[in-house]
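Chain by chain, the residues:
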Amino acid sequence: MMPTKVLYSTTATATGGGREGSSSLDDGTFTAQLVTPKELGGAGGDGVNPEQLFATGYAACFLGALRFYAGQKKIDVPDDATVTTTVGIGPREDLGFGLDVKIKVSLPGVDKAVAEDLIAGGHKVCPYSHATKGTLTITPELA
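The following refers to the structure shown. (Residues numbered from 1 in each chain as written. Predicted model: local features only at pLDDT ≥ 70, side-chain atom pairs only at ≥ 80, totals over all residues. Heavy atoms only, no water.)

Thoughts on the environment of Gly 44
- By the element assignment, Gly 44 lies in the loop between strand E3 (31-34) and helix H1 (50-72).
- Distance from Gly 44 to Glu 20, taken between C-alpha atoms, is 9.9 Å for residues 24 residues apart in sequence.
- Ignoring sequence-local partners within four residues, the contact set of Gly 44 consists of Val 35, Thr 36, Pro 37 and Lys 38. (Helix = DSSP H or I, 4+ residues; strand = E, 2+ residues; numbered from the N terminus. Contact = heavy atoms within 4.5 Å.)

Quick word on the nonpolar core
- The biggest cluster of nonpolar side chains holds 25 residues, and the ones touching the most others in it are Phe 62, Leu 66, Ile 103, Val 105 and Leu 107.
- Of all the secondary structure elements, the ones that give two or more residues to this core are H1, strand E4 (82-91), strand E5 (97-106) and helix H2 (112-125).
- Residue contributions to this core peak at 10 residues, all from H1.
- Aside from chain neighbours lying at most four places away, what touches Val 105 is Phe 62, Leu 66, Thr 82, Val 83, Ile 119, Glu 141, Leu 142 and Ala 143. (Core = buried A, V, L, I, M, F, W, Y, C linked by side-chain atoms within 4.5 Å. Buried < 20%, exposed > 50% of the residue type's maximum accessible area, 1.4 Å probe, protein only.)

Notes on the pairing of E3
- Burial along E3 is one-sided: Ala 32 and Leu 34 are buried, while Thr 31 and Gln 33, pointing the other way, are not.
- Bridge count between strand E2 (residues 21-25) and E3: 4 bridges; the pairing is antiparallel. Of the residues in E3, the one forming a bridge with Gly 21 is Leu 34.
- From the end of E2 to the start of E3, which pair antiparallel, there are 5 residues, and Gly 28 there has a positive phi angle of about 80°. (Pairing = 2+ DSSP bridges.)

A word on the sheet that holds E4
- The mixed open sheet is built from 3 strands, whose spatial order is E4-E5-E6. The open sheet has two free edges, formed respectively by E4 and strand E6 (141-142), since each of these has just one partner strand.
- Along the sheet, H1 contacts E4 and E5; its crossing angle with E4, the most-contacted strand, is approximately 145°. (Axes fitted to C-alpha atoms, helices over the stretch in contact; angles between N-to-C directions.)

Here it is, written out as structure tokens:
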């Protein structure tokens, strides 16, 4: 389902060879030098790759969604809560590549049943989780 109203949008442009080159926000606030990891046949080195950018964005978005969901339920999320995403890439059986995403959530001091509900609720409202629904199997778990 698409949003009923777009509240914010941003635009980025990639230049160079895709995985080799750069990607920047059009407003000039962020530029990333891109490198292909050795595991994918590249030289590696200084810079980031699209999977790293996706992992950092997903982790931040998921934590925000979890906090939103907790706020709706009037549950406090500890300041030291963390979300760790691991994004892998590899060939699909058909043509091209696919992603493998794992999410681990740490909610220190939160009862296990409450934490599991917050994780499930965060996964339900997170736009990254929603965007990948049906194409990736992602089951967030308590760390």
